[in-house]
Amino acid sequence: MLSCKELVARSSDFLDKQLSFRQRLAVRRHLLACKNCRRFIKQMRLSQAVLRQLPQGQNAELDSLAAKLAELRRQHS
Ligand SMILES: [Zn+2]
């Protein structure tokens, strides 16, 4: 069975579905038995979801910045 440390080391690959079938099985088995790691994986998953939303937010910000700059240019010309 995996140790908690090994599970943490593999967690991002697990969430990105980069593990082999056998490795995934080992992670799953550990998660069934270990409440702490279940919580850890859950948090990882949440923060990944947040990270995935970030670029969109940044783009929206860039868009409004570009719009503001365009307006400034219009005012000055
Ligand atoms: Zn554990």
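Just so it is clear, the structure is predicted and the values come from calculations on it, not from any experiment.

What to know about the packing of helix α1 (residues 4-15) against helix α2 (residues 21-33)
Closest axis-to-axis distance for the α1/α2 pair is 10 Å, and the angle between their directions is 125 degrees. By the angle between their directions, the pair α1 and α2 is classed as oblique. Crossing of α1 over α2 shows left-handed handedness. Contacts from C4, L7, R10 and F14 in α1 reach Q23, R24, V27, R28, H30 and L31 in α2.

Points about the side chain of Q48
Mapped onto the elements, Q48 comes out in helix α3 (residues 35-76). By relative accessible area, Q48 is classed as buried at 16%. Residues in contact with Q48, not counting those within four places in the same chain, are S12, L15 and D16.

Overview of the coordination of the zinc ion
Protein coordination at the zinc ion: the donors are C4 (SG), H30 (NE2), C34 (SG) and C37 (SG), at 1.9 to 2.3 Å from the metal. Seen from the zinc ion, its 4 donor atoms lie at angles of 101 to 115 degrees, and the figure they make is tetrahedral. Donor residues for the zinc ion, ordered by position in the chain, follow C-x25-H-x3-C-x2-C. Of the two residues, H30 and C34, neither departs from the other in class, the shared state being buried.

Digging into the environment of L69
Note on placement: L69 falls in helix α3. Assessed through its relative accessible area of 45%, L69 is described here as partly exposed. Distance in space between the C-alpha atoms of L69 and R39 is 45 Å, their sequence separation being 30 residues.

Here we look at the nonpolar core
Grouped together as the largest cluster of nonpolar side chains are 11 residues: L2, L7, F14, L15, L19, V27, L31, C34, C37, I41 and M44. When contributions to this core are tallied by element, the ones reaching two or more residues are α1, α2 and α3. Leave out the neighbours within four places in its chain, and L31 touches L7, F14, C37, R38 and I41.

Concerning the confidence of the model for the chain
When pLDDT is averaged across the chain, the result is 88; 92% of the residues are at 70 or more. Ranking the elements of the chain by mean pLDDT puts α3 last, at 82, and α2 first, at 97.

What counts, and at which threshold
- Just so you know, the residues in each chain are numbered from 1, in the order the chain's sequence is written.
- Totals for whole chains, interfaces and linings use all residues, but because this is a predicted model, local features are given only for residues with pLDDT of at least 70 and pairs of side-chain atoms are given and counted only at 80 or more.
- In computing side-chain values, all of the structure's heavy atoms are included and hydrogens and water are not.
- Angles run from 0 to 180 degrees between N-to-C directions of axes, and those axes are lines fitted to C-alpha atoms, restricted for helices to the stretch in contact.
- The helix count covers DSSP runs of H or I at least four residues long, the strand count covers runs of E at least two residues long, and both are numbered beginning at the N terminus.
- Working rule for angles: under 35 degrees goes down as roughly parallel, over 145 as roughly antiparallel, 65 to 115 as roughly perpendicular, anything else as oblique.
- In a left-handed crossing the near helix is turned counterclockwise from the far helix by less than a right angle, and in a right-handed crossing that turn is clockwise.
- Contact between two residues is taken to exist if any of their heavy atoms lie within 4.5 Å; hydrogens are not considered.
- Only protein chains enter the calculation, and the probe is 1.4 Å; a residue is then buried if its accessible area is under 20% of its type maximum, exposed if over 50%, and partly exposed in between.
- Coordinating donors are taken to be N, O and S atoms lying within 2.8 Å of the metal, or within 3.2 Å when the metal is Na, K or Ca; because water is excluded from the atom set, some sites may appear incomplete.
- Every angle between 85 and 135 degrees makes a four-donor site tetrahedral, while opposite donors more than 155 degrees apart, with all other angles between 65 and 115, make a four-donor site square planar and a six-donor site octahedral; other sites are irregular.
- Here, nonpolar core refers to any group of buried Ala, Val, Leu, Ile, Met, Phe, Trp, Tyr and Cys residues whose side-chain atoms link them within 4.5 Å.
- Each residue carries a pLDDT value, the predictor's own confidence for that position, ranging from 0 to 100.

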